[in-house]
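Now for the letters of each chain:
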Amino acid sequence: MRRIHVGNALSAFGLGFTVPYLYVYVAQVRGLGAMTAGLVLAVFAVAALVVLPFAGRAIVRRGPLPVLLAALVTAALGALSLGLAGGAAAVLLSAAALGAGQAVMQPALATMIVDCSTADTRSRAFAMQFFLQNLGLGVGGLIGGHLVDTTRVSSFTLLFAIEAAVFLLLVVVLSTVRMPHSPRMEQTPAASGRSGWKRLLGNRAMVQLSVLGFVLFFACYGQFESGLSAYGVEAAGISTSALGTALAANTLMIVVAQFAVLRFVERRRRSRVIAGVGLIWAVAWLAAGYAGLGHGSQEMTTAAFVSTYALFGLGEAMLSPTVAPLVADLAPEGMAGQYNSAFALVKQLALAVGPAVGGPLAASLPAPYIVTFLLFSLAITVLALRLGRRLTVAQDQPWAAARSRVVARGGVPAESMAA
């Protein structure tokens, strides 16, 4: 598990190391223009959407570790060739390889966490994963920003070469992991001859969670660097430095609150925790509405906007030990890889649609933008409560189910012993 967490941190570091500078690299440093730079960013999303349906099946059949190693090698080759590419075609092909590799890493690492954890330790393991991912992204972006120089192509070539080296280092580290045995698809009985995807779509709780996940990512993550930032600059008059402060507040909230929040959510019903996140994010959108439409002082406007990002961070810290373990607990034995990949696909779709919808809406119609995403946040609460009706006790309250098993075996719950 420690090596898996190292993998999470380093893969996030590699992502934060280069992705924020892709647009500048392609458009300005390589001189390929804004159109090609936009296509490169689109290729990242398209590559993920193409490979994720196949990645889930491969993880189930072959195990997460071989799939992860293949993804790391693919991403390393993509990063290295991107640093050397001079023409548009080479840049787009390299971006496709890098995007596909990075997309597959997420469900593969998540499935490894599932295989190396129990129902009792899974929430804490995913909370640690989220913490390290944000730390890796932040540190990677910080170091990468100090290495690049838009007047020197060689500085970007070095940047992508370091990213490739990080991925290859991960191949070496994770090659030493010995995964516990977990059933594969061919070892599990077929359900009336249906494929893994048909079985997944037949799981009503998983379908509801996927819809909920789309709304979660569309209404929050899909707005961070597009709609919400455009709204802050255009409607609220936020400076770029204040926008940077808001992004830092989001990361700081996650880093500071993650394990304090974990203690709170571990003993709460997962569906109600997600419902609570919807309410917190509704308050965040109200704060954003005040920042852009309240006509207060500039200091109050900035404080409200920074608070919006901080409240989003609090919600993210509540979701990290809740949603990913729930996906794992909904999966039949041996199907965790398929379910993780399906959920990653839903996330990628939301992240592709979110900026396309939010950016233009925020820039041209700020008041409807706030109302729209306020309603989406309230929809999260409604969808989460409806999902809770379909979940078993073990899925919604794993701590209560564990206590019931102890009592059924004649044991004494820890609370009673403490009393």
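The text that follows walks through the structure, step by step, so that each part is easy to find.

**Observations concerning the nonpolar core**
So, point 1. Within the largest apolar cluster, 66 residues are counted, with the highest numbers of intra-cluster contacts made by Leu209, Leu228, Trp281, Trp285, Phe305 and Tyr369.
So, point 2. Elements that contribute at least two residues to this core include exactly α9 (204-219), α10 (227-234), α11 (240-265), α12 (270-293), α13 (298-319), α14 (323-330), α15 (336-364) and α16 (366-388).
So, point 3. The element that contributes the greatest number of residues to this core is α12, accounting for 11 residues.
So, point 4. Contact partners of Leu228, with chain neighbours within four places excluded, come to Gln223, Trp285, Ala288, Phe305, Thr308, Tyr309, Phe312 and Tyr369.
So, point 5. Core analysis: the next-biggest nonpolar cluster, separate from the first, contains 50 residues, Ala27, Met112, Val171 and Val177 among them.

**Considering the side chain of Thr36**
So, point 1. Residue position: Thr36 is located in helix α3 (residues 33-62).
So, point 2. Aside from chain neighbours lying at most four places away, what touches Thr36 is Val26, Ala88 and Leu92.

**Regarding helix α1 (residues 2-18)**
So, point 1. An ideal rise of 1.5 Å per residue puts 24 Å on 17 residues; α1 measures up with 25 Å between its terminal C-alpha atoms.
So, point 2. Counting buried positions along α1 yields 12 of 17 residues, so the element is predominantly enclosed.
So, point 3. Where α1 is buried, its residues meet α2 (22-29), α5 (88-115), α6 (122-147) and α7 (153-175).

**A closer look at the packing of aromatic side chains**
So, point 1. In the structure shown here, the tally under the stated rule is 16 aromatic pairs.
So, point 2. With a centroid separation of 5.5 Å and 80° between ring planes, the pair formed by Trp285 and Tyr369 is classed as edge-to-face. With Trp285 in helix α12 and Tyr369 in helix α16, this pair connects stretches of sequence that are 84 residues apart. In this pair, the class of Trp285 matches that of Tyr369, namely buried.
So, point 3. Through a chain of ring-to-ring contacts, three or more aromatic side chains come together here, namely Phe214, Phe218, Tyr231, Trp281, Trp285, Phe312, Tyr369, Phe373 and Phe376.

**Some words on a nonpolar patch on the surface**
So, point 1. Residues Leu135, Val139, Leu142, Ile143, Leu147 and Leu158 make up a contiguous nonpolar surface patch of about 480 Å² in total accessible area.
So, point 2. The element that contributes the greatest number of residues to the nonpolar patch is α6, accounting for 5 residues.

**Points about the pattern of salt bridges**
So, point 1. Applying the stated criterion across every chain yields a total of 4 salt bridges.
So, point 2. Here Arg124 makes a salt bridge to Glu266, at a shortest N to O gap of 3.2 Å. Placement of the pair is Arg124 in helix α6 and Glu266 in the loop between α11 and α12, with a sequence separation of 142 residues.
So, point 3. Overall, the relative accessible area of 39% leaves Arg124 in the partly exposed class.
So, point 4. Residues Asp396 and Arg269 are paired through a salt bridge, measuring 2.9 Å at the closest nitrogen-oxygen approach. Placement of Asp396 in helix α17 (residues 393-396) and of Arg269 in the loop between α11 and α12 is noted, with a sequence separation of 127 residues between them.
So, point 5. In this structure, a network of salt bridges that share partners links the residues Arg122, Arg270 and Asp329.

Calculation criteria
- Residues numbered from 1 in each chain as written.
- Predicted model: local features only at pLDDT ≥ 70, side-chain atom pairs only at ≥ 80, totals over all residues.
- Heavy atoms only, no water.
- Core = buried A, V, L, I, M, F, W, Y, C linked by side-chain atoms within 4.5 Å.
- Buried < 20%, exposed > 50% of the residue type's maximum accessible area, 1.4 Å probe, protein only.
- Helix = DSSP H or I, 4+ residues; strand = E, 2+ residues; numbered from the N terminus.
- Contact = heavy atoms within 4.5 Å.
- Expected span 1.5 Å × (residues − 1).
- Phe/Tyr/Trp six-rings, centres within 6.5 Å; stacked < 30°, edge-to-face > 60°.
- Patch = residues over 30% accessible without salt bridge, like charges linked within 9 Å, V, L, I, M, F, W, Y side chains within 5 Å.
- Areas by Shrake-Rupley, 256 points an atom, 1.4 Å probe, with all protein chains shown as cover.
- Salt bridge = Lys/Arg side-chain N within 4 Å of Asp/Glu carboxyl O.

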